[in-house]
Protein chains: 2
Amino acid sequence: MKKGKKDKEGECEVLCINERKVASARKAMKSDATLFKLAEVFKVLGDPTRMKIVSALLQEELCVCDLTALIGASQSAVSHQLRVLRNMGLVKYRKDGRIAYYSLDDDHISSILTAGLKHVEE
Amino acid sequence: MKKGKKDKEGECEVLCINERKVASARKAMKSDATLFKLAEVFKVLGDPTRMKIVSALLQEELCVCDLTALIGASQSAVSHQLRVLRNMGLVKYRKDGRIAYYSLDDDHISSILTAGLKHVEE
DNA sequence: CCAATATATGAATATTTGATCATATATTAG
DNA sequence: CTAATATATGATCAAATATTCATATATTGG
């Protein structure tokens, strides 16, 4: 006997809720919008190709060409992923003639990676 | 006249490589395996539902039930995502009777989120 | 034991996404 | 101008993934 199909958000099957803890947690949490953006940033860093790109750019600016050689992906793939990184504000570039030099656009990126590495390398 | 279909990794179309910079960057970079794991961690954090779960657990441990109420997803969805977080070593849980209390499994997670927030909230 | 509750999980599905291919744009050399 | 080079991008497609549904497992109260 199916339980009435959830009025809205699946709240009618759940009875063990500690209202106090939930309210307290909800209050302490960042807004949904902020958490969504945060997840977006991590999603962008959550792909091996993009991670390699970002990691390479930690050292110095590089052109698409160098990145392509460095990470072993096609020029098209690198270009597509650079756009994703650009759209998320993680990298920027300058054009010198027909060469595009990419670099990190945000000082925080290095700290994000460092924090992540502590989990990975523990 | 197509250029011979890439011998292996798309290196034959690319002529502007700065060998010195590439070698230097390659040397400074973490290993592919490390970067892959790092990307995996970020990918796990890169989903709104999981981000909400992790964010809620920053405050205190919560049961599946509370998480379900808190983040507005179905119990099944929360459970599935908790497994992903568990497999990645980001959360742990203790069982008290039929209730499972989840908490963060790693001190670094909070610093990862904090670093990410600095980018989002700038 | 039995019914109810809390959580977990397999299967199916719809969506997202990353790579490739083909091609477009832009810049420079000659 | 023309050919070549560096990069960008649209379309397509296969793989990955998040959710839902149905159901299984486990624990507790009565």
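Residues numbered from 1 in each chain as written. Chains lettered and ligands numbered in written order. Predicted model: local features only at pLDDT ≥ 70, side-chain atom pairs only at ≥ 80, totals over all residues. Heavy atoms only, no water.

*Asks:* Mind laying out the overall build of chain A, listing which residues take part and the relevant values?
*Replies:* If you tally the helices and strands in chain A, you get 6 helices and 3 strands. The N-to-C order of helical and strand elements in chain A reads α-α-α-β-α-α-β-β-α. Looking at chain A as a whole, 44% of its 122 residues qualify as buried. (Helix = DSSP H or I, 4+ residues; strand = E, 2+ residues; numbered from the N terminus. Buried < 20%, exposed > 50% of the residue type's maximum accessible area, 1.4 Å probe, protein only.)

*Asks:* Which residues make up the confidence of the model for chain A, and what values go with them?
*Replies:* Per-residue pLDDT for chain A has a mean of 89; in total, 89% of the residues score no lower than 70. Residue range residues 1–12 of chain A is modelled with pLDDT below 50. Its contacts to residues more than four positions away, or to other chains, number 8 contacts. (pLDDT = per-residue confidence, 0-100. Contact = heavy atoms within 4.5 Å.)

*Asks:* I'd like a rundown of the relation of the copies chain B and chain A, residues and numbers included.
*Replies:* Superposition record for chain B on chain A: RMSD 0.1 Å, screw rotation 180 degrees, translation along axis 0.0 Å. This pairing of chains is accounted for by a two-fold axis. When you check the interface residues of chain B against chain A, 100% turn up at the interface there too, and the contact is symmetric in its surfaces. (Least-squares fit on C-alpha atoms with pLDDT ≥ 70 in both.)

*Asks:* Could you give me a rundown of the environment of A77(A), with the residues and numbers involved?
*Replies:* All names here are of chain A. With respect to the element layout, A77 can be found in helix 5 (residues 75–87). Looking at A77, the relative accessible area reads 28%, which means it is partly exposed. In the structure, A77 is positioned 27 residues away from R50 in sequence and 9.8 Å away in space, judged by C-alpha atoms.

*Asks:* Please give an account of the protein's contact with DNA strand C that cites residues and values.
*Replies:* Surrounding DNA strand C, one finds 28 residues, the nearest of these being C16(A), T49(A), S76(A), S76(B) and Y102(B). In the environment of DNA strand C, a phosphate oxygen lies 3.2 Å from a nitrogen or oxygen atom belonging to the backbone of C16(A). In this structure, a phosphate oxygen belonging to DNA strand C sits 2.9 Å away from a main-chain N or O atom of C65(B). Per-element accounting of the surface near DNA strand C gives the leading share, 5 residues, to helix 5 (residues 75–87) of chain B. Within the surface near DNA strand C, the residues separate by chemical class into 9 nonpolar, 10 polar and 9 charged. (Near = heavy atom within 4 Å. Polar contact = N/O pair within 3.5 Å; in protein donor to acceptor, adjacent residues only side chain to side chain. Nonpolar A, V, L, I, M, F, W, Y, C, P; charged D, E, K, R; others polar.)

*Asks:* Break down the interface of chain B and chain A for me, with residues and values.
*Replies:* Residue-level contacts link 63 residues of chain B with 63 residues of chain A. The contact between chain B and chain A buries some 5500 Å² in all, and 70% of this surface belongs to carbon and sulfur atoms. For the chain B face of the interface with chain A, the top three residues by lost area are K21(B), F42(B) and H119(B), together amounting to 12%. Here chain B is connected to chain A by 4 salt bridges. Among the ionic pairs, K30(B) bridges to E121(A), the shortest N-O distance being 3.3 Å. In terms of residue count, helix 2 (residues 32–45) of chain B provides more of the side of chain B that touches chain A than any other element does, 11 residues in total. A class-by-class count of the residues in the side of chain B that touches chain A yields 32 nonpolar, 14 polar and 17 charged. (Buried area = accessible area lost by both parts, 1.4 Å probe. Salt bridge = Lys/Arg side-chain N within 4 Å of Asp/Glu carboxyl O.)

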